Amino acid sequence: MKFDLSLVPIGASRHQGHHFQVHLVGNLDEGQLARCSGEALELQSLFTRVVEAYSKGSLEGVRDIVARPLHDRLLGEVAERDRLDHVLSSRLVEFVSAEIVHSEDRLLGGWKDVRFVSRMVVALLGANGTVLAGNPVQVRMLSEVWTLKRSSAAGESRWLITAMAEDE
């Protein structure tokens, strides 16, 4: 499934950030939709929400799906980026896959390590637009492994992201 996520400026302050606008490229026919399991779509949605929030620099919208220690770490990274007056320029070109690499099912929950593979354009820019890291025009294949645990808060079973690491 492909997404077109365009960068859109959010405000006219010196801390101009960017966020994603998500548009599905093409339409899924009934057969394709049937092959996408509910869990696969849920994992893809989690990935897209967190990547969008991190790039935008506003993690409030993912507080319900990111465990507190990880959320605090990501907030710290965003605060450091703001302190240095850096801007993260990100564009998700294609969500390639979500593959479960380890898992443990339990009666009241369990956990999964999921390898997310995507094609993205990512660059860290200085206040004057100077490229500090990455490349603002080159598409790269990125792979990360996220650990997700089942949370049964308020009688509702949902995934909670507890760890994220670049996949070597």
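For the structure given in this document, a descriptive report is provided here.

Rules used in this analysis
- Residues numbered from 1 in each chain as written.
- Predicted model: local features only at pLDDT ≥ 70, side-chain atom pairs only at ≥ 80, totals over all residues.
- Heavy atoms only, no water.
- Salt bridge = Lys/Arg side-chain N within 4 Å of Asp/Glu carboxyl O.
- Helix = DSSP H or I, 4+ residues; strand = E, 2+ residues; numbered from the N terminus.
- Buried < 20%, exposed > 50% of the residue type's maximum accessible area, 1.4 Å probe, protein only.
- Lys, Arg positive; Asp, Glu negative; His and termini not counted.
- Polar contact = N/O pair within 3.5 Å; in protein donor to acceptor, adjacent residues only side chain to side chain.
- Contact = heavy atoms within 4.5 Å.
- Core = buried A, V, L, I, M, F, W, Y, C linked by side-chain atoms within 4.5 Å.
- Phe/Tyr/Trp six-rings, centres within 6.5 Å; stacked < 30°, edge-to-face > 60°.
- Lys NZ or Arg CZ within 6 Å of the ring centre and 35° of its normal.

Under the criterion given, the structure shown has eight salt bridges. Residue R73 pairs with E77 through a salt bridge whose shortest N-O separation is 3.2 Å. In this pair, R73 and E77 are both assigned in helix α3 (residues 68–83), four residues apart and thus about one turn of the helix distant. With a relative accessible area of 40%, R73 lands in the partly exposed category. On the accessibility criterion, E77 (31% relative accessible area) is partly exposed. R83 is the salt-bridge partner of E80, the closest N and O atoms lying 2.8 Å from each other. Taken together, the positions of E80 and R83, both in helix α3 and three residues apart, correspond to about one turn of that helix. The class for E80 is partly exposed, based on a relative accessible area of 35%. The network of salt bridges with common partners includes E99, R115 and D167.

Turning next to the side chain of D113. Relative to the elements of secondary structure, D113 occurs in strand β4 (residues 109–125). R115 provides the closest opposite charge to the buried, salt-bridge-free D113, at an N-O distance of 9.0 Å. A polar contact is formed between the side chain of D113 and the side chain of T147, at a distance of 2.6 Å. Beyond its immediate chain neighbours, meaning those up to four positions away, D113 contacts E99, I100, V101, H102, V145, W146 and T147.

Before going further, it helps to spend a moment on the nonpolar core. Core analysis: the largest hydrophobic core is formed by 24 residues, its most contacted members being V50, V66, W146, L148 and I161. Discounting residues that sit within four places of it in the chain, V50 has contacts with V62, I65, V66, W146, I161 and M164.

A few words on the environment of V51. Checked against the element boundaries, V51 lands in helix α2 (residues 38–56). Its relative accessible area of 14% is what places V51 among the buried residues. Sequence spacing of V51 and V62 is eleven residues, and the spatial spacing of their C-alpha atoms is 9.9 Å.

To continue, consider the side chain of H71. By the element assignment, H71 lies in helix α3. Classification of H71 as buried rests on a relative accessible area of 2%.

Now for the environment of L41. Considering the arrangement of structural elements, one finds L41 in helix α2. With a relative accessible area of 32%, L41 lands in the partly exposed category. Expressed as a C-alpha distance, the spacing of L41 and A98, which sit 57 residues apart in the sequence, is 9.5 Å.

Phi at D85 is positive, roughly 60°, even though this residue is not glycine. With respect to the helices and strands, D85 occurs in the loop between α3 and β3 (87–106). Classification of D85 by relative accessible area gives buried; the value is 15%.

Using the criterion set out here, one finds five aromatic pairs in the structure. Among the aromatic residues, those joined into a cluster by ring pairs are F47, F95, F116 and W146. For R81, the ring lying beneath its charged end belongs to Y54, and the centroid distance is 5.0 Å.

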